[in-house]
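Structure at a glance
Here's the letter readout for the chains.
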Amino acid sequence: AQTVTQSQPEMSVQEAETVTLSCTYDTSESNYYLFWYKQPPSRQMILVIRQEAYKQQNATENRFSVNFQKAAKSFSLKISDSQLGDTAMYFCAFGKIKTGANNLFFGTGTRLTVIP
Amino acid sequence: GAGVSQSPSNKVTEKGKDVELRCDPISGHTALYWYRQSLGQGLEFLIYFQGNSAPDKSGLPSDRFSAERTGGSVSTLTIQRTQQEDSAVYLCASSLSGQGAGNEQFFGPGTRLTVL
């Protein structure tokens, strides 16, 4: 079974500062995907960034980057130059590579507040 | 183009009543997923449809829950004899195909169900 753990229920950061959200997971799969999703108050889940486990290079998307440590099964999200619009719930998720097994496994989320 | 839409946005019902939640996926997406988000929890997988294949119902919590997808497009999640523990946000997502989790899942805004 796959499990995803986010140990920080809530975090806050000053506008323009950098914040890191933690995520660990457990799986017996050797290849898989990891995701960070953002859920603002509108409830719309938005994909922030995706990492393929077989790629050693950490994924980056503008101000968002990940620190993927496969051996440690750790997948943290770094948000640089935080903006007020980054205030949201952030969910870490795991997905298998195998065809036909497409549902994602989610952590319980981290509520991030950006303080002006 | 249009994203995933869900209706109703909010639903309040009395314990014991049946409810139907609707999801319109992105046109051309063959894969459709239902998730449940309870207060303080991550997203819990319920059911997955891929094209004309038999759905993966492994996440449905009880036989009071069922879903169908007509014509490979619109999906309806039905909860019979609702209980208070069914209160949650029900999220629908679609993806271009079911070839593993690498295909991005696009989420709808969800239906907030409250069972009194």
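Nothing here was measured: the structure is a model prediction, and the numbers come from that model. (Residues numbered from 1 in each chain as written. Chains lettered and ligands numbered in written order. Predicted model: local features only at pLDDT ≥ 70, side-chain atom pairs only at ≥ 80, totals over all residues. Heavy atoms only, no water.)

All names here are of chain B. Strand order in this open sheet of four strands is 1-3-7-6, and the pairing throughout is antiparallel. A single partner strand is all that each edge strand has here, and the edge strands are strand 1 (5–7) and strand 6 (65–69). For this sheet, the mean angle separating the axes of adjacent strands, direction not counted, is 15°. By the bridge criterion, five bridges tie strand 6 to strand 7 (residues 75–79) in an arrangement that is antiparallel. When the bridges of strand 7 are listed, R69 appears paired with S75. (Pairing = 2+ DSSP bridges. Helix = DSSP H or I, 4+ residues; strand = E, 2+ residues; numbered from the N terminus. Axes fitted to C-alpha atoms, helices over the stretch in contact; angles between N-to-C directions.)

Grouped together as the largest cluster of nonpolar side chains are 25 residues, with contacts concentrated most on Y25(A), W36(A), F75(A), L77(A) and Y90(A). Residues contacting Y25(A), with those up to four places away along its chain left out, are T3(A), V4(A), Y32(A), L34(A), F68(A), Q69(A), K70(A), K73(A), S74(A), F75(A) and F94(A). V19(B), C23(B), L32(B) and L46(B) belong to the second-largest nonpolar core, a separate cluster that totals 20 residues. (Core = buried A, V, L, I, M, F, W, Y, C linked by side-chain atoms within 4.5 Å. Buried < 20%, exposed > 50% of the residue type's maximum accessible area, 1.4 Å probe, protein only. Contact = heavy atoms within 4.5 Å.)

To continue, consider the interface of chain B and chain A. Taken together, the 28 residues of chain B in the interface contact 23 residues of chain A. Interface of chain B and chain A: buried area, both sides summed, is about 1900 Å²; carbon and sulfur atoms make up 49% of it. Linking chain B with chain A are zero salt bridges, by the criterion used here. Counting across the chain B and chain A interface gives seven residue pairs in polar contact (both at pLDDT 80 or more). Those elements that place two or more of their residues in the side of chain B that touches chain A are strand 4 (31–37), strand 5 (43–50), strand 8 (88–95) and strand 10 (111–115) of chain B. (Buried area = accessible area lost by both parts, 1.4 Å probe. Salt bridge = Lys/Arg side-chain N within 4 Å of Asp/Glu carboxyl O. Polar contact = N/O pair within 3.5 Å; in protein donor to acceptor, adjacent residues only side chain to side chain.)

Turning to the environment of I115(A), a few remarks are in order. Residue and element names in this part refer to chain A. With respect to the helices and strands, I115 occurs in strand 12 (residues 110–115). Overall, I115 belongs to the partly exposed group, its relative accessible area being 33%. Distance in space between the C-alpha atoms of I115 and S12 is 7.0 Å, their sequence separation being 103 residues. Not counting residues within four places of it along the chain, the set of residues in contact with I115 comprises S12, V13, Q14, E15 and L84.

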